[in-house]
Amino acid sequence: MKKFFLFVIFGFLVSCQKKTETAADALHKKVFKDEVRLKTTPVQSQGHSTLCWIYAMLGTIETEHLMQGDSVVLSSDYLARMLLTEQVRERYLTKGRKPISMRGMMPMAIHLLEQYGVEPLASYHAKSKINYHVVGRKLEQITDVALARRQGLEYLEERVNDLLDSTIDFMPKYVFMLGAEYTPLEFAHSVCQKDEYQAFTSFTHHPFHQPFVLELADNQMNDAFMNVPIDTLMNRIDSSLRAGHPVCWEGDVSEPGFSFKKGIATIDVSSDVQSLRQEQFEQFKTTDDHCLVLVGIARDEKNEKYYLAKNSWGTHNVYGGFMYLSEDYVKLKTIAVMIRKS
């Protein structure tokens, strides 16, 4: 039991964050020919945080706008601040029972955007990379003191805002874009329409062609995902990319074949993929580790199919922060995707 508990804690700390690899991992650079390559904003680094789900979802929205001839770069730090503020309030009102967690899934970023709006990166960004885990622990301490003294939400929010102003940056009241003035909420509605994206998954413990709440700890808002066969899911991914729309991808990056330094992820699949997906999901061999933006389709020297993905671990790999995921890897290790509705 103790061994299992330690394993869970270790997984919590390392998932969604950059894996440690040696320089030798980058010696071989595969050559790919891109069949589809969508435009992207610059690769960012999520630093010491588990905010890949925010970076990936915002990166998906950014690429969508670039492909439409527009240009926008959005602030992950703004949504992170809104999440922290919301969780402080919940922790206080639940008398300390709710922990502050920066983990989440792709639809959660859309919920935050719809409720609190968003800022351009140029208007709101941290002065330096922040360890949001440490910030969360500080906020828990502040909340617990206010709770013990029954100081109320107004006092608590003042303390929280003081900490976040000094740690991240002061909050602007308005967004200025192309000579117009917006509130963060108005700006968010201009870059992402309500229900613009749909979440999909593929598991057999629920009926296909019906939505279900994916039973994962990171699914904090109990979002429902449309359940479809894996071949249908892969066809939707391909159709979206070939039509010029990015796909937000969430899945397992703990496999030995996943190498950030080499910029590739490969895996051997020798049996029925649908059954193997379910088996590895139920045995916790496929875990909800990380989010990426799928922005292309490519072929290697052997004409094998790969998906080009924009990561959020910085640019220090052989493809400048991008990765190529083999078709089998995506088939087997996808937890869920967010795809723009037709």
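Refer to the preceding data block for the structure.
Let me sum up the structure you'll find in this document. (Residues numbered from 1 in each chain as written. Predicted model: local features only at pLDDT ≥ 70, side-chain atom pairs only at ≥ 80, totals over all residues. Heavy atoms only, no water.)

**Remarks on the overall build of the protein chain**
Summing up its helical and strand segments, the protein chain has 10 helices and 13 strands in all. In summary, the protein chain has a C-alpha radius of gyration of 20 Å against a globular reference of 20 Å for 342 residues, a match within 12%. Expressed along its principal axes, the backbone C-alpha trace of the protein chain runs to roughly 65 × 60 × 45 Å. With 342 residues in all, the protein chain has 52% of them scored as buried. Carbon and sulfur atoms form 55% of the exposed surface of the protein chain, whose accessible area is close to 16200 Å². With 39 positive and 43 negative side-chain charges, the protein chain shows a separation of 4 Å between the mean positions of the two kinds. (Helix = DSSP H or I, 4+ residues; strand = E, 2+ residues; numbered from the N terminus. Rg over C-alpha atoms; globule rule 2.2 N^0.38 Å. Buried < 20%, exposed > 50% of the residue type's maximum accessible area, 1.4 Å probe, protein only. Areas by Shrake-Rupley, 256 points an atom, 1.4 Å probe, with all protein chains shown as cover. Lys, Arg positive; Asp, Glu negative; His and termini not counted. Charge placed at Lys NZ, Arg CZ, Asp CG, Glu CD.)

**Overview of the packing of helix α5 (residues 132–148) against helix α6 (residues 152–167)**
When two helices pack together, their arrangement is given by the angle between their axes and by how far apart the axes lie. Between α5 and α6, the least distance of the axes is 10 Å, while the angle of their chain directions is 160°. Here α6 runs roughly antiparallel to α5, going by the angle between their axes. The interaxial crossing formed by α5 with α6 has right-handed handedness. The segment α5 lies against α6, with V135, K138, L139, I142, T143 and A146 engaging L156, R159, V160, L163, L164 and T167. Class assignment for the residues of the contact of α5 with α6 results in eight nonpolar, two polar and two charged. (Axes fitted to C-alpha atoms, helices over the stretch in contact; angles between N-to-C directions. Parallel < 35°, antiparallel > 145°, perpendicular 65-115°, else oblique. Left-handed = near helix turned anticlockwise from the far one by under 90°. Contact = heavy atoms within 4.5 Å. Nonpolar A, V, L, I, M, F, W, Y, C, P; charged D, E, K, R; others polar.)

**Comments concerning the packing of aromatic side chains**
Note on aromatic pairs: each is described by the distance of the centres and the angle between the planes. Evaluation of the coordinates by the stated rule reveals 10 aromatic pairs. Here F258 and W313 contribute two aromatic rings whose centre-to-centre distance is 6.1 Å and whose plane-to-plane angle is 75°, an arrangement assigned as edge-to-face. Residue F258 is found in strand β8 (residues 258–259), and its partner W313 is found in the loop between β11 (305–310) and β12 (322–326); the two are separated by 55 residues along the sequence. The same class applies to F258 as to W313, namely buried. The structure contains a cluster of three or more aromatic residues connected by ring pairs, namely F32, Y306, Y319 and Y324. Positioned above the aromatic ring of F322, the side-chain terminus of R37 is 5.2 Å from the ring centre. If you follow R277 out to its NZ or CZ, it ends over the ring of F203, 4.7 Å from the centre. (Phe/Tyr/Trp six-rings, centres within 6.5 Å; stacked < 30°, edge-to-face > 60°. Lys NZ or Arg CZ within 6 Å of the ring centre and 35° of its normal.)

**Describing the environment of T334**
By the secondary structure assignment, T334 is in strand β13 (residues 334–340). Take T334: its relative accessible area is 0%, and that puts it in the buried class. C-alpha of T334 to C-alpha of D252: the two residues are 82 residues apart in sequence and 6.7 Å apart in space. Residues contacting T334, with those up to four places away along its chain left out, are F203, L233, W249, E250, G251, R277 and Y329.

**Side note on unusual backbone geometry**
In this structure, F284 takes a positive phi of about 60° despite not being glycine. The topology assignment puts F284 in the loop between α9 (273–282) and β10 (290–299).

**Overview of the environment of L38**
Structurally, the position occupied by L38 is in the loop between β1 (33–37) and α2 (52–67). Put simply, L38 and K127 are 89 residues apart on the chain and 30 Å apart in space, counted from C-alpha to C-alpha. Sequence-distant contacts of L38, defined by excluding residues within four places in its chain, comprise T63, M67, L241, G244, H245, P246 and V295.

**Quick notes on helix α8 (residues 230–242)**
Here α8 spans 18 Å end to end across 13 residues, near enough to the 18 Å set by a 1.5 Å rise per residue. Within α8, the full set of buried residues consists of I230, L233, M234, I237, D238, S240 and L241. Each buried residue of α8 lies within a common arc of 165° when the element is viewed along its axis, so the set occupies one face. Opposite the buried face of α8, at more than 90 degrees from it, the exposed residues are D231 and N235. Of the residues trailing α8, G244 is marked for its positive phi of about 90°. (Expected span 1.5 Å × (residues − 1). Arc of directions from axis to C-beta.)

**So, the pattern of salt bridges**
With the rule as written, the count across this model stands at 18 salt bridges. The shortest N-O distance in the salt bridge between R37 and D34 comes to 2.9 Å. Note that K305 and E327 form a salt bridge whose closest N and O atoms lie 3.8 Å from each other. Of this pair, K305 sits in strand β11 while E327 is found in helix α10 (residues 327–333), placing the two residues 22 residues apart along the sequence. One salt-bridge network, held together by shared partners, links R91, R137, E140 and D144. (Salt bridge = Lys/Arg side-chain N within 4 Å of Asp/Glu carboxyl O.)

Honestly, it's all geometry; don't read function into it.
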